[in-house]
Amino acid sequence: MHILTLRVLDRAVRIGCSDPAAQSLVTTAYGSMRSGGGEPDLDYTVGREGVPATFFIARKGRERLTAADDGRFLALFDEDFAIEIQKLRRDLYFVHAGVLRRGDVAAMFVTKPGGGKSTLCWALLHHGFDYLSDELAPVNLATLEVHPFSRALALKKEPPGSHPLPPLTPRTSRGFHVRVEDLPAAVVQSPTPLAAVFFLSYAPGVAEPAVRRISAAEAAARLYANALNPLAHRDDGLDGALRIATTHPCFELTTADLTPTCALVTATLERGP
Amino acid sequence: MVVEEHPKRRSDVSARAVQEELVVLDRAGNHIHQLNPTATFIWHRCDGRQTVQAIADEVAGAFAIDPETAREAVITSVRRFAELGLLDRTRD
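Residues numbered from 1 in each chain as written. Chains lettered and ligands numbered in written order. Predicted model: local features only at pLDDT ≥ 70, side-chain atom pairs only at ≥ 80, totals over all residues. Heavy atoms only, no water.

*Asks:* What am I meant to see in the overall build of chain A here?
*Replies:* Scanning chain A for helices and strands turns up six helices and 17 strands. In terms of overall dimensions, chain A is globule-like: its C-alpha atoms have a radius of gyration of 19 Å, near the 19 Å expected for 273 residues. In terms of its C-alpha atoms, chain A occupies a principal-axis envelope of roughly 55 × 45 × 30 Å. Split into buried and exposed, the 273 residues of chain A put 55% on the buried side. If you take every contact in chain A between residues at least 6 apart in sequence, the share linking residues at least 24 apart comes to 69%. Looking at chain A as shown, the accessible area adds up to about 11600 Å², and 50% of this sits on carbon and sulfur atoms. For chain A, the centre of its 29 positive side-chain charges and the centre of its 30 negative side-chain charges are spaced 1 Å apart. (Helix = DSSP H or I, 4+ residues; strand = E, 2+ residues; numbered from the N terminus. Rg over C-alpha atoms; globule rule 2.2 N^0.38 Å. Buried < 20%, exposed > 50% of the residue type's maximum accessible area, 1.4 Å probe, protein only. Contact = heavy atoms within 4.5 Å. Areas by Shrake-Rupley, 256 points an atom, 1.4 Å probe, with all protein chains shown as cover. Lys, Arg positive; Asp, Glu negative; His and termini not counted. Charge placed at Lys NZ, Arg CZ, Asp CG, Glu CD.)

Listed below in structure tokens is the structure:
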């Protein structure tokens, strides 16, 4: 059994892999968070069994999960892992968002699934941004810093030709997973002060990107709708969304072709509040 | 909607002011809403004691608009609050 030990948001995670395929998948996704051993806070066993071979995910305290294919396996693992990490770090306010750093500050990118968040993050990494996460934004509400969660960047489909994937990017039934070591940018290792929040809006055929500042009330409502653990926080999490929205400029970003969209994001951040 | 109705906001929704707007969290309905300044003004007056007409009179004064426009704004807002399940079901 191969053992993968991780350090995630200052918690120890152990993943025992009884099968090379399962090991390859979790290592692709989470290998950048590899760290030394020690008593784990979260302990998984993953592998494949049976005929035909079926992936499984085992963790003490929950029923065994099974998946017929690699994409489903990784999706189930991601989901359970995200929930368990939130339980281990209830003090952090988790938003479903991508987070990148430019200079010394972080920008958060929020949208519904399939809204182009990861594709935009992938593109921005080619234009002077560094990587914290493309999926989870764990926010310390006291300091308003965002912690890194550097899982592989996951794309449901190939990005436009202007920003192609690296050769040999791992692919599952559900999409592509760009390993952190293959990203065209640095990976941020420490919490970073948040500077702005962008809510993405995508419509095919839009000619040019556009950005408009939105009110704090609108931003708070949108953040709350994308919060993953609001009930772990004061006032059912409404306080947290308000704190973020009232202390940072928030924007609606209508995306278009990636290069001008990235330029607009950069210009908006450089303009400041 | 009858202008003599007394709309009453539900007591179990959380509302937080953000500048001139309001964020309303309906946990039971699993929704969050953002109210613009006019809707916020009307929401605060949905206390079960004021009629739609009385609220409209206040809106007309506060926003310096004609009574008919104020009445339509209040009716529209209160109807929308009801559709979203934010009001108590009361009988007048």
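*Asks:* What is the right way to look at the interface of chain A and chain B in this model?
*Replies:* By convention, interface size is frequently given as the accessible area that disappears when the constituent parts associate. Opposite the 15 residues of chain A that make contact, chain B presents 10 residues. Connecting chain A to chain B are three salt bridges. With its nearest N and O atoms 2.5 Å apart, the salt bridge here joins Arg16 of chain B to Asp239 of chain A. Linking chain A with chain B are three residue pairs in polar contact (both at pLDDT 80 or more). (Salt bridge = Lys/Arg side-chain N within 4 Å of Asp/Glu carboxyl O. Polar contact = N/O pair within 3.5 Å; in protein donor to acceptor, adjacent residues only side chain to side chain.)

*Asks:* Help me out: how do you make sense of unusual backbone geometry in this one?
*Replies:* In terms of backbone geometry, most residues other than glycine have negative phi values and most peptide bonds are trans. Val51 of chain A connects to Pro52 of chain A through a cis peptide bond whose omega is -5 degrees. Relative to the elements of secondary structure, Pro52 of chain A occurs in the loop between strand E3 (42-49) and strand E4 (54-59). Even without being glycine, Gln19 of chain B reaches a positive phi, approximately 55 degrees. With respect to the helices, strands and loops of the structure, Gln19 of chain B is situated in the loop between strand E1 (14-18) and strand E2 (21-26). You can call Gln19 of chain B exposed: its relative accessible area is 69%.

*Asks:* Just checking my understanding: could you explain the pairing of E2 of chain B for this structure?
*Replies:* Working note: regular strand, side chains alternate between the two faces of the sheet. Residues and elements named next belong to chain B. The element E2 is largely enclosed, with a buried count of six among its six residues. Every second residue of E2 is oriented toward a common face, with Glu21, Val23 and Leu25 on one face and Leu22, Val24 and Asp26 on the other, all of them buried. The antiparallel hairpin formed by E1 and E2 contains two residues in its connecting segment, where Gln19 sits at a positive phi of about 55 degrees. In terms of strand pairing, E2 meets strand E3 (residues 31-35) through five bridges, oriented antiparallel. Note that in E3 the partner of Asp26 across the bridge is His31. (Pairing = 2+ DSSP bridges.)

*Asks:* Where do I start with the sheet that holds strand E1 (residues 2-8) of chain A in this structure?
*Replies:* Strand pairing in a sheet relies on backbone hydrogen bonds, with the paired strands running either antiparallel or parallel. Residues and elements named next belong to chain A. Ordered in space as E1-E2-E3-E4-E5, the five strands form an open sheet in which the pairing is mixed. Of all the strands in the sheet, the pair left with one neighbour each is E1 and strand E5 (65-67). Put simply, the sheet's adjacent strands are angled 20 degrees from each other on average, direction ignored. Bridge analysis of E3 against E4 gives six bridges, and the strand direction is antiparallel. (Axes fitted to C-alpha atoms, helices over the stretch in contact; angles between N-to-C directions.)

*Asks:* Is there a simple way to explain the packing of aromatic side chains in this structure?
*Replies:* Working definition: an aromatic ring pair is given by the centre-to-centre distance plus the angle between the planes. Residues and elements named next belong to chain A. Taken as a whole and judged by the stated rule, the model has 12 aromatic pairs over all chains. Ring centres of Tyr44 and Phe77 lie 4.7 Å apart, and the angle between their planes is 50 degrees; on these two criteria the pair is classed as tilted. Highlighted residues: Tyr44 in strand E3 and Phe77 in helix H2 (residues 70-88), separated in sequence by 33 residues. Using a relative accessible area of 0% as the deciding quantity, one classes Phe77 as buried. Joined through ring pairs, the aromatic side chains of Tyr30, Tyr44, Phe77, Phe81 and Phe149 make up one cluster. Sitting above the plane of the Phe56 ring, Arg64 keeps its charged end 4.0 Å from the centroid. Over the ring of Phe129 we find Arg102; its NZ or CZ atom is 5.2 Å from the centre of that ring. (Phe/Tyr/Trp six-rings, centres within 6.5 Å; stacked < 30°, edge-to-face > 60°. Lys NZ or Arg CZ within 6 Å of the ring centre and 35° of its normal.)

*Asks:* Is there a simple way to explain the sheet that holds strand E14 (residues 175-178) of chain A in this structure?
*Replies:* Strand order in the open sheet made by the three strands is E12-E14-E13 (chain A), with antiparallel pairing throughout. The two strands at the open ends of the sheet, each matched to only one other strand, are strand E12 (153-155) and strand E13 (171-172) of chain A.

*Asks:* Any chance you could explain the environment of Thr119 of chain A here in plain terms?
*Replies:* Tracing the backbone shows Thr119 of chain A in helix H3 (residues 117-124). Thr119 of chain A sits 106 residues away from Val13 of chain A along the chain, and the two C-alpha atoms are 28 Å apart.

*Asks:* I keep staring at the pattern of salt bridges and nothing clicks. Help me out?
*Replies:* A side chain with one charge may pair with a side chain of the opposite charge, provided their charged atoms come close. Applying the stated criterion to the full structure yields 29 salt bridges over all chains. As a salt-bridge pair, Arg14 of chain A and Asp43 of chain A come within 2.9 Å of each other at their nearest N and O atoms. Highlighted residues: Arg14 of chain A in strand E2 (residues 11-17) and Asp43 of chain A in strand E3, separated in sequence by 29 residues. Overall, the relative accessible area of 35% leaves Asp43 of chain A in the partly exposed class. Arg49 of chain B is the partner of Asp47 of chain B in a salt bridge, and the nearest nitrogen-oxygen pair spans 3.4 Å. When its relative accessible area of 67% is taken as the criterion, Arg49 of chain B is described as exposed. Ionic contacts of the salt-bridge type, sharing partners, join the residues Arg59, Arg62, Asp80, Glu84 and Lys87 of chain A into one network.

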